[in-house]
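Chain by chain, the residues:
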Amino acid sequence: MLVAAAVCPCPPLLVPPVAAGAAPELDGARAACTDALGVLAAARPDRLVVVGPAEQSGRGPHPQGARGSFRGFGVEVDVRLGPGQGPAPQGPLPTSLAVAAWLLDRVDWSDAPIEGLGVGEPLEPERCIQTGRKIAARAERVALLVMGDASACRTLKAPGYLDERAAPFDAEVARALGGADVAALKALDAELAYELKASGRACWQVLAGAAEGTDLGGSLLYEDAPYGVGYVVATWS
């Protein structure tokens, strides 16, 4: 059963060596992510499942101790998904889970065993919801760390250029995540999310499936769009 969830963005720029001189611009997002992980720890879960967007080669599952790296971004930073020396039989962690591993290492996570799962952006909503249900059934007390970004079309310089639909879409996402609104997350338009390059859509719908039948309350900790990309940090507990 799902007892807590944290929603965090997954840009590599969250990792200060990757951001370099721009690192202070995301200090607020990093602080909010740290607070969100504190909510997960306070729930005393039996298992933490980390989900994040991934290409086919990175979907896993990824066991505790699986390895990831930011060397592809020009920095010699390596991470592991929680403590341990486990191999990564399905290949290295996708970037979203590598960012999660960095966040977890930053708070020295040792509160529960961890496993990671990459979620494909094209996964249709009903399959996302089914995946969430299965995750929630894995232990008596499951916590979820849900990685993913909102639209990438908020400004002219955004990766997806400016799309006037992006700000309303992101506002609804922030409202739904901050309010633990399961129905609203299930109803997110997958096609619109794809057009707006919102990498978190499928993962948020996994969360919606996992949260069915619970009575969790939500809290919005951070919402902004630096670089024209929507970043949201929220907790459910």
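Residues numbered from 1 in each chain as written. Predicted model: local features only at pLDDT ≥ 70, side-chain atom pairs only at ≥ 80, totals over all residues. Heavy atoms only, no water.

J.: Account for the overall build of the protein chain, naming residues and giving values.
T.: Counting secondary structure elements, the protein chain contains 8 helices and 8 strands. The globule rule puts the C-alpha radius of gyration for 237 residues at 18 Å, and the 16 Å found for the protein chain is close to it. Counting only C-alpha atoms, the protein chain reaches 45 × 45 × 30 Å along its principal axes. Within the protein chain, the fraction of its 237 residues that count as buried is 54%. Within the protein chain, contacts between residues at least 6 apart in sequence are counted, and of these 73% link residues at least 24 apart. Approximately 9900 Å² of the protein chain is accessible, and the part contributed by carbon and sulfur atoms is 51%. Separation between the mean location of the 20 positive side-chain charges and that of the 28 negative ones in the protein chain comes to 5 Å. (Helix = DSSP H or I, 4+ residues; strand = E, 2+ residues; numbered from the N terminus. Rg over C-alpha atoms; globule rule 2.2 N^0.38 Å. Buried < 20%, exposed > 50% of the residue type's maximum accessible area, 1.4 Å probe, protein only. Contact = heavy atoms within 4.5 Å. Areas by Shrake-Rupley, 256 points an atom, 1.4 Å probe, with all protein chains shown as cover. Lys, Arg positive; Asp, Glu negative; His and termini not counted. Charge placed at Lys NZ, Arg CZ, Asp CG, Glu CD.)

J.: Any chance you could break down the state of the cysteines for me, citing the residues and the numbers?
T.: A covalent bond between the sulfur atoms of two cysteines is what we call a disulfide. By the definition in use, this model includes 0 disulfides. The thiol of Cys8 is not disulfide-bonded; the next cysteine sulfur, from Cys33, is found 3.6 Å away. A relative accessible area of 0% means that Cys8 is categorised as buried. Sulfur of Cys10: no disulfide; nearest cysteine sulfur belongs to Cys203 and is 7.6 Å away. Judged by relative accessible area, Cys10 falls into the buried class, the value being 8%. (Disulfide = S-S within 2.5 Å.)

J.: Tell me what's going on with helix H5 (residues 166-178), and back it up with residues and numbers.
T.: With 13 residues, H5 extends 18 Å between its outermost C-alpha atoms, agreeing within 8% with the 18 Å of an ideal straight helix rising 1.5 Å per residue. Of all the positions in H5, only Ala166, Phe169, Asp170, Val173, Ala174, Ala176, Leu177 and Gly178 are classed as buried. With its phi angle positive at about 50°, Ala180 sits one or two positions after the end of H5. (Expected span 1.5 Å × (residues − 1).)

J.: Describe the nonpolar core, with residues and values.
T.: With 44 residues, the main nonpolar core has Leu40, Leu48, Val50, Phe70, Leu104, Leu145 and Met147 as its most contacted residues. Elements supplying a minimum of two residues to this core: strand S1 (2-8), helix H2 (27-42), strand S2 (47-53), helix H3 (95-106), strand S6 (142-147) and strand S8 (231-236). Leaving out residues up to four positions away in the same chain, Leu145 has contacts with Ala6, Cys8, Leu37, Leu40, Leu48, Val49, Val50, Val51, Ala100 and Leu104. With 43 residues, the next largest nonpolar core counts Leu117, Ala150, Phe169 and Leu207 among its residues. (Core = buried A, V, L, I, M, F, W, Y, C linked by side-chain atoms within 4.5 Å.)

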